[in-house]
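The chain contents come next:
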Amino acid sequence: MLKKMTPGNFNWFLHSMLFYHTRHVIAKQEERASRVNNSDSDSDSDSD
Amino acid sequence: MTFLSFSQFIQKNFSANISLSTVLLMLFTMTENPDLLSLHARQQYSLVKGENISSVNSWIKNLSQAVYVKLNRNASILLHESDQYEGIAENLIIINIANKLDKLAQHLDLIKYNKKGQLKSALKPVSYKAIEAVHIICPESYQCVTSECGFRSLLQTTKQRDIPLVTLVKNNTIYKNVPVLTGKCPNCTTLYSADHERSAEIDEENHFTNLYLNSAKYIKIGQSIWVDRLFSNAVVNAMYSFHASASAYMEFWNDSFGKTQQDVFHKMSRRQIWQAFVQESMRTIAVSADMEISLRDNLAIDEITKEAFSILGENGVIRAADQHACSECTHEYIGTTSDNTLTAGSDAVVGVDEDLEQTPHSDLTSASTSEDVMDVDKAPVKMVVVDGICFGPQHCAYENCSDDLINYRGAVFCAIHEQSHGAKCRVSNCDNIKIRETQACQQHQQQWKKYATQHKRQSAPGFRRITQRPSESLPWISTNRQTEQPHDEPMPEREHKNYFSAARFYCVETICAPCGVVIAWAKFPKAESPTNILAFLENVFHTEESRPDYICIDKACLVLRTALRNGSWNRIWEKTTRFIVDAYHYINHRDDDELCKKWCNPAPADGSAPNLVVEAKDKKGKTCFRRAFNTQVSFDTCFVRNNT
């Protein structure tokens, strides 16, 4: 579908998708970090 | 049923302090569960021998239990004081609520049995059409926000007959004839709409600017279609997650939601889906840039994308990745004895050459690190991966011109070259006028006919082009492939034989962090040349602080060679950055390229670059060394390949 676009639409579409992709990757990293933190705090409270 | 009758019933059967929300909860619980009420009603009559009558049966008790849980197990807001007492058991409360619900169902005429136990009529799903709310699209601002106007109230100046009635898609439900109201400041004449504000340009008569509101609840996507942000977000997410085109999403939405509401709405079009994508993505990126985008009034959608890219595109730098650092793409600095200058390394690669996997820790670090150096306070080590994928949009076919085509329905030149060469024969260096209905002069008709035959739909190459499978090889199709360009050799100059078709951008180059975050992207019109890569890197990392410590490129040795030759190595990179190749490239190239072997090893096993190697445990728990960064990352693997 990218092959059929005009350069203006192509630029915007690709830029938007890369932006969303980056945001998505960062959100996944944060989710993973908070899961690790939660499991750490759970194990701490269990040991208490 | 009159409201008075309903009100009296509630007062008589429920707590005197019952809130409106609890009453509405009870009412909608009844209207939402006609099937359960039918099951409950049937069990209240014995129509077959052996059937037991049960007025408070399990069906209604389960509904009662669900209501009780919904009310946070607080029955006092629902039941009369006489219906409960101190220490009442929970099952008695549930039976009490079940009795009330049964009475309410009968009062609402949702029990369709007569006194003899005969079914009057089947209970149909309850329609909410009559109690549907009236929707009006109006501006979010309630006063003029222009500083000179002193927060004046906004006037609704449109005459009743001129107020547009539009279709609104909200929560994927279609509402017809929704009025769109616009506010006007009597002082500055700014028009406040639900998704933008239109104001006159300073010193320019009859020129207006639209400020696109990031917080808009509804967005206009067609002449008389507005959608909520749920819809526009879904379009963008579908395009990202499913790699759906605007046409594919249009089909999906029309089949899923449009068809079930055909009585009120015909169809969503591809253009409206594209408009929703542009409007939503523009606002999302503007929010991240902490700004609201302002464009000239009455721009076509293609103009809006161009303008939005020029304002928010930032030359391909992705703002969401700004200052990003995580454990995958940033490591703590490990000092070296070589004071960070280029030193010759072994050609062995950690993680690739199997015998090195088990190298004891002390053997590797003893040659490279010292405790004194480890104490030095250094910035963390960063790496980025540069990679390209061969695809791109069309541009002018004329040599050394990459301007937009005059149109994208068969044109091959930009506006300038169309004027100068449009009437001429499209074979290179031929100035003859082309013959009508062909693209070549008399002399070059044979070339044109050959091209036209190969590109018409009936021919196998033409068919493959239409079905978007140009690389498919079938036994009956003659192969006439071009020699593939090795990635670590300079790109030869290609000569244009003719201009029968438009040219295409050669590739899209991306800079990614090893974790997958995209830092920047650029289009290369002709080749993924080292000069283009160096220019791209210089543009993105224009300050010394922003430069990564390592840049991994599959042709890093070529890039390094070019940088040394054109002086950018000494001028820009030497102080801060090293170019390394990926492991796959290195094992194939180290034997025949001394520069690659010496300077571009992605993880030297001799300890000359300890920041590229980390300590890890293997499956047996034994200490070994692995590459510190993932070099096999590229955005194209996850998104672009699926869209080309």
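If you're wondering where the values come from, they're calculated on a predicted model, not measured in any experiment.

With that settled, consider the sheet that holds strand β2 (residues 173-179) of chain B. Residue and element names in this part refer to chain B. Spatial strand order, β2-β1-β8-β7: 4 strands in an open sheet with mixed pairing. The open sheet is flanked by β2 and β7 (218-222), the only strands paired with a single partner. For this sheet, the mean angle separating the axes of adjacent strands, direction not counted, is 30 degrees. Bridge count for strand β1 (residues 165-170) against β2 is 5 bridges, and the pairing is antiparallel. When the bridges of β2 are listed, Leu165 appears paired with Pro179. Here helix α6 (residues 229-241) sits on the sheet and contacts β1, β7 and β8 (225-228); the angle it forms with β8, its principal contact strand, is near 80 degrees. Packing of helix α8 (residues 270-288) onto the sheet brings it into contact with β7 and β8, and relative to β7 it is tilted by some 145 degrees.

All names here are of chain B. Across the sheet, 5 strands lie side by side as β3-β4-β5-β6-β9; this open sheet has antiparallel pairing. The strands lining the two open edges of the sheet, one partner per strand, are β3 (183-184) and β9 (294-296). Judged from the 5 bridges that link them, strand β5 (residues 196-200) and strand β6 (residues 208-212) form a sheet pairing that is antiparallel. Across the sheet, residue Glu197 finds its bridge partner in β6, namely Leu211. Lying over the sheet, helix α9 (residues 301-312) contacts β6 and β9, oriented at roughly 140 degrees with respect to β9.

Residues and elements named next belong to chain B. Residue-level pLDDT values for chain B average 83, and 85% of them are 70 or greater. Counting contacts from residues 356-375, a segment whose pLDDT is below 50, to residues more than four positions away or on other chains yields 36 contacts. Among the prediction metrics, the complex's ipTM stands at 0.88, with pTM recorded as 0.83.

All names here are of chain B. Tracing the backbone through its elements, the reader meets Gln261 in the loop between α7 (246-258) and α8. A relative accessible area of 14% means that Gln261 is categorised as buried. Setting aside its immediate chain neighbours within four residues, Gln261 contacts Asn172, Thr173 and Ile174.

With that out of the way, let us pick up a nonpolar patch on the surface. On the surface, B:Leu20, B:Leu24, B:Phe28 and B:Ile131 cluster together into a nonpolar patch covering about 390 Å² of accessible area. By relative accessible area, which is 55% here, B:Ile131 ends up exposed.

So, on to the interface of chain B and chain A. Each side of the interface is counted separately: chain B has 51 residues, and chain A has 28 residues. For the pairing of chain B and chain A, the buried interface totals around 3700 Å² over both sides, and the portion due to carbon and sulfur atoms is 73%. Counting the contacts that link chain B with chain A gives 1 salt bridge. Ionic pairing is found between A:Arg32 and B:Glu328, a salt bridge with its closest N-O pair at 3.8 Å. If you look at where chain B meets chain A, you find 10 residue pairs in polar contact (both at pLDDT 80 or more). For the side of chain B that touches chain A, the secondary-structure elements that each account for two or more residues are α6, α8, α9, β15 (518-524) and α20 (635-638) of chain B. Among the elements that make up the side of chain B that touches chain A, the one with the highest residue count is α8(B) (9 residues).

What follows is about the packing of helix α4 (residues 58-70) of chain B against helix α5 (residues 90-107) of chain B. All names here are of chain B. Axis separation between α4 and α5 bottoms out at 8 Å; the angle between their running directions is 110 degrees. Viewed along their axes, α4 and α5 adopt a mutual orientation that is roughly perpendicular. Contacts between α4 and α5 involve Ile60, Lys61, Leu63, Ser64, Gln65, Val67 and Tyr68 from the first element and Glu90, Ile93, Ile94, Ile95, Ile97, Ala98, Leu101 and Asp102 from the second. Taken together, the residues that form the contact of α4 with α5 break down as 10 nonpolar, 2 polar and 3 charged.

Basis of the calculations
- Residues numbered from 1 in each chain as written.
- Chains lettered and ligands numbered in written order.
- Predicted model: local features only at pLDDT ≥ 70, side-chain atom pairs only at ≥ 80, totals over all residues.
- Heavy atoms only, no water.
- Pairing = 2+ DSSP bridges.
- Helix = DSSP H or I, 4+ residues; strand = E, 2+ residues; numbered from the N terminus.
- Axes fitted to C-alpha atoms, helices over the stretch in contact; angles between N-to-C directions.
- Contact = heavy atoms within 4.5 Å.
- pLDDT = per-residue confidence, 0-100.
- Buried < 20%, exposed > 50% of the residue type's maximum accessible area, 1.4 Å probe, protein only.
- Patch = residues over 30% accessible without salt bridge, like charges linked within 9 Å, V, L, I, M, F, W, Y side chains within 5 Å.
- Areas by Shrake-Rupley, 256 points an atom, 1.4 Å probe, with all protein chains shown as cover.
- Salt bridge = Lys/Arg side-chain N within 4 Å of Asp/Glu carboxyl O.
- Buried area = accessible area lost by both parts, 1.4 Å probe.
- Polar contact = N/O pair within 3.5 Å; in protein donor to acceptor, adjacent residues only side chain to side chain.
- Parallel < 35°, antiparallel > 145°, perpendicular 65-115°, else oblique.
- Nonpolar A, V, L, I, M, F, W, Y, C, P; charged D, E, K, R; others polar.

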